[in-house]
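For reference, the chains in residue letters:
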Amino acid sequence: MNCVSRTLVATIVIFGLLNTGNAQEQLPRPEEAFKGKIGLTYKDSVAVKPELKIPQNFGIENAPNILLVLIDDCGYGQMGTFGGGIPTPSMDRVADNGLRYNRFHTTALCSPTRAALLTGRNHHSVASGVIGEAGTGFPGYSGIIPPTAGTFAEILREYGYMNAWFGKNHNVPDWETSIVGPFDRWSSALGFDYFYGFVGGDTDQFHPALVEGKKRIEPPETNEDGSPYHFTTDITDKAIRMMRASKAVAPQRPFFVYFATGATHAPHQVPEEWINKFKGQFDSGWDVYRKETFERQKKMGIIPENTKLTERPESLAAWDSLPEDKRKVFSRMMEVFAAFTAHTDHEIGRLLDTIDEMGEKENTIVIYMAGDNGSSAEGGLNGLLNEMTFFNAIPEPFDKTLAAIDEIGSDKHYNHFPAAWAHAMDSPFQWTKQIASHFGGTRNGLAISWPKKIKAQGEIRDQFHHVIDIAPTLLEVIGIEPPSQINGIAQKPIEGVSMAYTFDDAKAEDRHTTQYFEMLGNQGIYHDGWMASALRGEPWLSESPPIDLLNMPWELYNIEEDFSQANNLAKENPEKLDEMVKLFFAEAARYNVLPLDGRKTERLNVNNRPSLTQGRTTFTYPNLLRLPEGASPDLKHRSHEIIANVIIAEGSTDGMIFTQGGRFAGYGLYVKDGKLVYHYNLAGVERFEIKSDKVIPTGEVQLKAVYKTDSDKPFAGADVTLFANDKQIGKGRVEKSIPNRVTLDETLDIGFDTGTPVSEEYEMPFKFSGQLKTVTIELK
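Reading guide: rules and limits
Residues numbered from 1 in each chain as written. Predicted model: local features only at pLDDT ≥ 70, side-chain atom pairs only at ≥ 80, totals over all residues. Heavy atoms only, no water. Buried < 20%, exposed > 50% of the residue type's maximum accessible area, 1.4 Å probe, protein only. Helix = DSSP H or I, 4+ residues; strand = E, 2+ residues; numbered from the N terminus. Contact = heavy atoms within 4.5 Å. Polar contact = N/O pair within 3.5 Å; in protein donor to acceptor, adjacent residues only side chain to side chain. Disulfide = S-S within 2.5 Å. Pairing = 2+ DSSP bridges. Core = buried A, V, L, I, M, F, W, Y, C linked by side-chain atoms within 4.5 Å. pLDDT = per-residue confidence, 0-100. Phe/Tyr/Trp six-rings, centres within 6.5 Å; stacked < 30°, edge-to-face > 60°. Axes fitted to C-alpha atoms, helices over the stretch in contact; angles between N-to-C directions. Parallel < 35°, antiparallel > 145°, perpendicular 65-115°, else oblique. Nonpolar A, V, L, I, M, F, W, Y, C, P; charged D, E, K, R; others polar. Salt bridge = Lys/Arg side-chain N within 4 Å of Asp/Glu carboxyl O. Patch = residues over 30% accessible without salt bridge, like charges linked within 9 Å, V, L, I, M, F, W, Y side chains within 5 Å. Areas by Shrake-Rupley, 256 points an atom, 1.4 Å probe, with all protein chains shown as cover.

A.B. asks: Could you clarify how one ought to interpret helix α3 (residues 110-119) in this entry?
C.D. replies: The buried count for α3 comes to 10 of 10 residues, which makes it a mostly enclosed element. All buried positions along α3 are accounted for by C110, S111, P112, T113, R114, A115, A116, L117, L118 and T119. Phi turns positive, to about 75 degrees, at G120, one or two residues after α3.

Here you go:
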């Protein structure tokens, strides 16, 4: 298909195929005229008491509670509920009380799936064609969910639901995540009354970058039961408290709890006692795991009997070909991942127990989504001690990983298992997270229960569905028509298809008959039982080789006969393939997928997006300030000065002056044992430290670190010179620098250090014990 043909198709779609909604409801509803009587005094007047905002007063009786669980980076063959090798009794419980959907799909990446889930529209339609940290200035990729695509949570709230969100929120634009917002795209603006979790792509499970509402907070020292702190347990504690409080205070109001765990996204961190439960269980390796999972899936009826197990990509090693030390490390990494999965499922079981104990089981819809995409191969071929090395294309020596084998899974590391384990988690399909062209990246396990209305128990539904179908499903079963306007803004039509028709009819014909897929240049299109797929590049590479995105080698699969995409029919049926490729470009034009973009790390550059720091070269900050990276000055491979005005008392004055990042990448300027120290942590692979020759003076002092980069290119080294009152007191080198991203969740801190330490030589929070007036950053 040539470019002219594709342009013609796109034009036809734009002018001929777009549809409009016909719903008439406007939310919030216009103020009604007063229906009582107003006299001269209250004695000759008739008051009308306002009605509670509850579903019953909108004509909706017995509105169900909703528990929506979303697991992060989870493969189709991971959970025991779908034949995986990791027991997941809580997901079993939901599926056995209701339905398993074995042909349910996501977008292949986290925040795009989450935007599609909440809005009921395709991810490019809501400007979320990629994660926000890689957003660009095109309509389908800005990372800004438009007000024309209100969430179903906004709608539920207007009908009287109490909405609470726990866990991961990866839908706030990166540059709007600071203390000054703006907050019109945070959880409250997306329809939620309460939020407790983290804002970003991932977080340290033992030291999370916690946010409550709009306020950044430090995590408690322990879980509510006194056990050592873990993020998943913490959000479970908070969700249980919220559900109980909601029904105790206002039993008339149904709750909607959106429980979006950080697990099982990296870092894979979990209490040691959970890891011990899986010791030795994966020593046979990923090839055996795939085969055993495949057989379980067939036996359970999750996949058809004639399904073929797809081949392992040539670039992924056979388990038996690995040396013993690698098998030992990789087995440990999988034990940790299995423990992380099982621990998460256990905590979800506590939510289910609470619903049962409250007597709300019968009328609570539980939706358990095992993944916002397939399992992640971003750990590379050898796994990682530190995920930040992947995002910065920094090689990680295997000998360091081997030396730390017994610590993997602890708070000492930001670890991620090898790509071949991710591929195994996605059995029986090809590929993994990022790969929207193949089901390894997009097909996820889904279980739904609602005892009051779904009478089938333990049955499988094989209709083709997508994450955009969740929102219209919930609105239909509750009895709510999608509104034509929200907050005075006309709404785009819901693009998903309700799944409610499948609840009582296992043999119902599919209603979701066409679905495009695109992520990072990977392209796919499903239509009436056929799937065409074009692979951009291997997901474990930080950047893929150049390729013509308009003329990629397409594959063709008959999904009705080939469940796992194992038999490429492109050569046998070129006419069908051409038809499918044309349909892809038509859908791409319709839903803001164009222009296609296959870049990875290049799109992480902060200059691609709006910035609070744009055009500024001087930044003066007060003491005890925290800023996320998206709202901080970009110091990477750029000359700059850090200038601190402080008062040093007689005796010992130690503490942090300035830091960004922490244990897994970052840098800091601090006073330790009376000396000024500049410490640069290159993602844990190398560290560079410059220390003053002598103790700094007392009284009013200006401390300064001058960072002079060798060039403005990524990885550039730099000379660092330390000053006290303009007198040089130390000098040294940073031989190599962080190129792309300092941190995914930690902050720039002034006067103290939150999260994790940038250096292990001090104790958190390492608050500056003298008086810190201001810290100024000057870009050169």
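A.B. asks: Looking at this structure, how should I read the environment of H170?
C.D. replies: With respect to the helices and strands, the residue H170 is situated in the loop between β5 (162-169) and β6 (194-199). H170 gets classed as buried once you look at its relative accessible area, which sits at 7%. Beyond its immediate stretch of four places on either side in the chain, H170 contacts C110, S111, R114, I131, E133, G200 and G201. There is a polar contact of 2.9 Å between the side chain of H170 and the side chain of E133.

A.B. asks: What is the right way to look at the state of the cysteines in this model?
C.D. replies: Note: disulfide means a covalent bond formed between the sulfur atoms of two cysteine side chains. The final tally for this structure, using the stated rule, is zero disulfides. This cysteine, C110, is not joined by any disulfide, and C74 carries the nearest cysteine sulfur, 14 Å off. Taking relative accessible area as the criterion, C110 reaches 4% and is therefore assigned buried.

A.B. asks: Sorry, what's going on with the sheet that holds strand β14 (residues 485-486) here?
C.D. replies: Strand order in the open sheet formed by three strands is β1-β14-β15, and the pairing between neighbours is mixed. Two strands close off the open sheet at either side, each with one partner strand: β1 (26-27) and β15 (489-490). Pairing geometry for β1 and β14, over two bridges, is parallel. Across the sheet, Q26 pairs through a bridge with Q485, a residue of β14.

A.B. asks: How do you make sense of the nonpolar core when you look at a structure like this?
C.D. replies: If you look at soluble globular proteins, the nonpolar side chains tend to sit buried side by side. Formed by 78 residues in total, the largest nonpolar core has its most connected members in L67, F166, F259, Y368, W554, L556 and F584. In terms of residue count, the dominant contributor to this core is helix α14 (residues 574-590) (six residues). Not counting residues within four places of it along the chain, the set of residues in contact with F584 comprises Y516, F517, E518, Q523, G524, I525, W554 and L596. Y678, L722, L744 and I750 belong to the second-largest nonpolar core, a separate cluster that totals 51 residues.

A.B. asks: For this particular structure, what's the right way to read the confidence of the model for the chain?
C.D. replies: A low pLDDT score tells you not to read the predicted coordinates there in detail. When pLDDT is averaged across the chain, the result is 94; 97% of the residues are at 70 or more. For residues 1-23, every residue scores under 50 in pLDDT, and the model assigns this stretch 29 contacts once sequence neighbours within four places are set aside.

A.B. asks: Before we go on, may I ask you to explain the packing of aromatic side chains in this structure?
C.D. replies: Any pair of aromatic rings gets described here by the distance separating the centres and the angle formed by the planes. Within this structure, the stated rule accounts for 38 aromatic pairs. Measuring from centroid to centroid gives 4.9 Å for W165 and Y258, while their planes differ by 40 degrees, and the two rings are tilted. Pair noted here: W165 is in strand β5 and Y258 is in strand β9 (residues 255-260), with a separation of 93 residues, a long-range link. A residue is classified by how much of its surface remains accessible, and W165, at 0% relative accessible area, is buried. Taking the centre distance of 6.2 Å and the plane angle of 80 degrees together, the rings of F330 and F398 count as edge-to-face. One end of the pair, F330, is in helix α8 (residues 324-357); the other, F398, is in helix α10 (residues 398-403), with 68 residues separating them in the sequence.

A.B. asks: Is there a simple way to think about the packing of helix α2 (residues 89-96) against α8 in this case?
C.D. replies: A pair of packed helices is captured by two measures, namely the crossing angle of their axes and the spacing between those axes. Across the interface, α2 lies against α8 with an axial gap of 7 Å and an inter-helix angle of 45 degrees. In terms of orientation, α2 lies oblique with respect to α8. Of the residues in α8, those in contact with P89, S90, M91, R93 and V94 of α2 are D345, H346, I348, G349, L352, D353 and D356. The class makeup of the residues in the contact of α2 with α8 is five nonpolar, three polar and four charged.

A.B. asks: Would you take a moment to explain the pattern of salt bridges for this structure?
C.D. replies: Between side chains of opposite charge, a pair can form when the charged atoms approach closely. Inspection of the entire model under this criterion finds 45 salt bridges. Between R626 and E218 there is a salt bridge, and its shortest N-O distance comes to 3.2 Å. In this pair, R626 sits in strand β21 (residues 625-628) while E218 sits in the loop between β8 (215-216) and α5 (231-249), placing the two residues 408 residues apart along the sequence. In this structure R626 comes out as buried when scored by relative accessible area, which is 13%. One network of salt bridges, with partners in common, ties together D174, E629, D634, K636 and R741.

A.B. asks: How should I be thinking about a nonpolar patch on the surface in this particular structure?
C.D. replies: On the surface, F34, I38 and V48 cluster together into a nonpolar patch covering about 320 Å² of accessible area. Looking at where F34 falls in the secondary structure, it is placed in the loop between β1 and β2 (65-70).

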